[in-house]
Each structure stands twice: as structure tokens, then as C-alpha cells.
Amino acid sequence: MGSYVELWKSLGMDIEKHDALLQSQRPFFKEVVSSQKNRPKKMEYFDSLVAGSHTTRIKDLANLKAAGNKIVGAFCLYAPEELVTAAGAIMVGLCGGANFPVWEAETVLPRNLCPLIKSSFGFKIGYTCPYFQISDLLVGETTCDGKKKVYELLNELSPTHVMEIPHNPDTSQGRTLWLKELELFKQQLESLTGNKITAEKLKESIELINNRRKALKRLSDLRKNVPSPISGIDALLVNQVSCDDNIQRSTSKIHELCEELEDRVKNGEGVTSKNALRLMITGSPMAIPNWKLHHIAESLGASIVVEESCSGTRYFNQFVSPKGNSMDDLMAALVDRYSAIPCACFTPNNARLQSISDLAKDFHVDGVINYTLQFCHTFNVEGVKIETLLKKQNIPLLRVESDYSQEDTGQIQTRLEAFMEMISAKTARRDNS
Ligand code: BJ8
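Residues numbered from 1 in each chain as written. Predicted model: local features only at pLDDT ≥ 70, side-chain atom pairs only at ≥ 80, totals over all residues. Heavy atoms only, no water.

(A) Structural view of the environment of Leu389. Residue position: Leu389 is located in helix H18 (residues 377-392). Sequence-wise, Leu389 and Gly122 are 267 residues apart; in three dimensions their C-alpha atoms are separated by 37 Å. Dropping the residues within four chain positions of it, Leu389 is found in contact with Leu353, Ile356 and Ser357. (Helix = DSSP H or I, 4+ residues; strand = E, 2+ residues; numbered from the N terminus. Contact = heavy atoms within 4.5 Å.)

(B) Expanded view of the packing of aromatic side chains. Counting across every chain of the model gives 9 aromatic pairs. By the ring-pair criterion, three or more aromatic residues cluster together here, those being Phe28, Phe29 and Trp291. Taking the ring centre of Tyr45 as reference, the NZ or CZ of Lys253 above it sits at 5.1 Å. (Phe/Tyr/Trp six-rings, centres within 6.5 Å; stacked < 30°, edge-to-face > 60°. Lys NZ or Arg CZ within 6 Å of the ring centre and 35° of its normal.)

(C) Representation of the sheet that holds strand E5 (residues 278-283) within the structure. Spatially, 4 strands are ordered E6-E5-E7-E8 in an open sheet, and the strand pairing comes out parallel. The strands lining the two open edges of the sheet, one partner per strand, are strand E6 (303-308) and strand E8 (397-402). Across the sheet, the mean angle from the axis of one strand to that of its neighbour is 25°, orientation sign disregarded. In this fold helix H17 (residues 350-362) packs onto E5, E6 and strand E7 (367-373), with an angle of close to 170° to the strand it touches most, E5. (Pairing = 2+ DSSP bridges. Axes fitted to C-alpha atoms, helices over the stretch in contact; angles between N-to-C directions.)

(D) Examining unusual backbone geometry more closely. Of note, the amide linkage connecting Val226 to Pro227 takes the cis form, showing an omega dihedral of 0°. Mapped onto the elements of the fold, Pro227 is located in the loop between helix H11 (199-222) and helix H12 (232-242). Cis geometry is found at the peptide bond from Ile288 to Pro289, where omega equals 5°. Following the sequence through the fold, Pro289 ends up in the loop between E5 and helix H14 (292-299).

(E) Just the side chain of Glu298, in detail. Along the polypeptide, Glu298 turns up in helix H14. One buried charged side chain, Glu298, makes no salt bridge at all; its nearest oppositely charged neighbour is Arg223, positioned 5.9 Å away. Here Ile233 takes part through its backbone nitrogen, which lies 3.3 Å from a polar atom of the side chain of Glu298. Aside from chain neighbours lying at most four places away, what touches Glu298 is Gln36, Ser231, Gly232, Ile233, Ser303 and Ile304. (Buried < 20%, exposed > 50% of the residue type's maximum accessible area, 1.4 Å probe, protein only. Lys, Arg positive; Asp, Glu negative; His and termini not counted. Salt bridge = Lys/Arg side-chain N within 4 Å of Asp/Glu carboxyl O. Polar contact = N/O pair within 3.5 Å; in protein donor to acceptor, adjacent residues only side chain to side chain.)

Quick look at the structure:
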């Protein structure tokens, strides 16, 4: 660690506070991730990404920066990483998933705000996140109210470009606005990097990023097997960490992991027994190291087989069409793909309901946990429609609202136990009838 202190100092970080952050995370990783039984060997690489996230990866980024590359920090799946990559810049994720900086954010922001926003903002004002510190530009988006107001405050600390996201992208005015916003962001990136985004470069980045999404989808599809060859925690971890890694390298490492899992499937091996309850999580994203719900559910013997979230299927289930060679064609393809991510900030958001229904069937789920980060109104209210939908399909649903603290762990555990018992009783009744 000592050799990285100079690097962190050069980024303007608070060394003492940062040290306390690292100390607080290590035992947690051990307890939740590395102590799991029967982990795939190829998870070693992704564990090393976690271990090196504040050291080796930051050193790589600092070297790239010294060689003239720019770093763009993003908070949302709507930030078009294809444009960032085509401009020769590197995109990193800034969504906070740790409780550590929340208290500091609350010295400025209201307490009744989503923990993801408070955690991200707390990292910035506490100077404890090297990704914030190394970013040359932040890109935000007008999705939820909390985020868009916090971007105004962040802009006072770091240059922040905010994209206006149409909330009904299916209308022609929605598409026109989206295209305009993509063009403005493209100009911003060109002026930041001094590089022109050509159709050729954009096409190349579309293929590059499609390939990473395809690798993640391959991993996700393997979880359709009964039993799943990988735990929910490990699959979530791969999604969480690969977005900050070099794109080609993480793509090939995900494929290597998939090969190992395919062997497990061929041999009928899984991480749980065949009879473990299969659960889907739907709702707010889980930024690293938010493994709370997965940890509770899997410690109780359930198998989390799919996450309908931005740290799951919403990231990799749609690709950008690489057809067409002109800038107009490729920008239109970006509009198509980004309008198809069904975030609860859209209204109406029927595509998400359809997606939940399809995933429940394809992944053979026995029950669904609707997960909402505290004070995330869009996902919370949309939970009403999900409840109605799943009731009609006779799929049990549990609604869980939580933050990043460990205070409600016992309560969630009790509720989940009761939920799982109820599903098991129902399944037994069905099998006996
Ligand atoms: S595309 S889900 S990453 S906005 S910050 S909405 S949890 S109250 S993160 Fe999101 Fe983009 Fe949508 Fe995905 Fe709720 Fe919190 Fe807002 Fe949040």
C-alpha cells in the first residue's frame, strides 16, 4: 500500500480517511465474498480487480492519463460509453455502494435521500474515491430528482456535463431530444480530448462494448441452468467490477469464466443443490460493495439467479446495432439502444414489466424480491405495478426497501426466511397435487 500513497496524494486524496475506508472494507469482502464455498477458479481475476481497485487500476489510469488520455466518470447506464471510447477517453463508474461516506454526505445533503446518491457525493467531498479524483469530466443525466440536483453541487467541485434524458423515449420528440443530447455530449468529448469522433471510431467502439455486453449476457444465461453454476454474489461482483476494467481484458476474462461454468453445467455441478429456491432481484442498482441482500438470501440457502437491474440485465441485454457506416446511422443506433433500457425514470415503462415477466420464465424463478434503495421513489412506486403483474402470474413477491447500513439485516433476514418458507410450502402443495 505504501507505494501508492504518493499516487493518492498526487490525486488530492485524504490519506487518513482513505486508509480508514480500506480497513473497513477488507473484512467485509472476506466475510461475504471469499468465504463462499465452491467458487469458480476463474473468479480469482475478478477478486483481484476488487483488491486492486484503489491501487493497480488507479496506477494504470494515472499512466494512461500521463500519456494524454482523458478519464470520464459516469453515474448511470444512460452515459453512452461508446462515444467516450470513440473519443479515445476511458469511462469509469462513480456510483457509490458503500456506507462509509454517507455520514459525510449528510453534513451537506438531506438525510432522506437515496443512499447511492449520498454515498457517491460523500466520496467526492471526503476525497476518498480515486476514481472521482482522477476523472477529468463527470457525466450526469436527468433521471431522478435527487441525482439531477446533486449534479449541480458536483459541478461546483468538478466539471460536470449533464445530459437531459427524455422520460418518454418512444415519442418522436423524445427521440429528437436524445439525439440532440448525444450530439452535445459528442462535442463535449471532442473538445475535452482534442480527438474527432469519426464514424469509423464509433463503429469500432460499438463493437468493442457490444462484445463486453455479450460476454456478460453469456454469463447471465448460464445461470438459467438448474442448479446455477455460479452464486448470485459472484455474478453480481463480475458485473460490478468489469465496468472499471480495461474493456478487452475484462471481456476475455468473462469468457474464460463462462468456459469454466459450462464445464460445471456439463458435469451437472452447481453452487447449490438442485432444490435451492431460485430468486430474481428486481429494482434499484447495487453498486459495489452493496452485496447485502444477496448475502442474506444466499446465506439462507436461496440461489439468486438473475438481477433485473442496472447492475444486471439492464446493462447487457440490449446491444447497439453495428449496421450502417455513417455517423447518422450509428447515432440513430445509439438512440435506439439507450431508449430501450427500461429504467423506472421512464413513464410509462411497460418494457420493464415485460422484461420482468420474461426473465421470471426464462430463469425458472420461484420468487421475486423487489429491491428499492431507500427514498428511490421511481422504483418504489413502480413496485406497485410489478406486484400486480406477478400476482396475476402467481409468482410470489417480497418488497424490500433498504439502505447501506447493516441495521436492518436481522429484519430482512426474518422476512426472507418467512418468504422462502411460504414459497417452499406452495411448491410442495403444487408438487403433491
Ligand atoms: S438507468 S436505475 S443507473 S438512473 S439514484 S434512480 S437508486 S433514487 S441509480 Fe439509475 Fe441510471 Fe436508472 Fe440505472 Fe433511484 Fe437512487 Fe435515483 Fe438511482
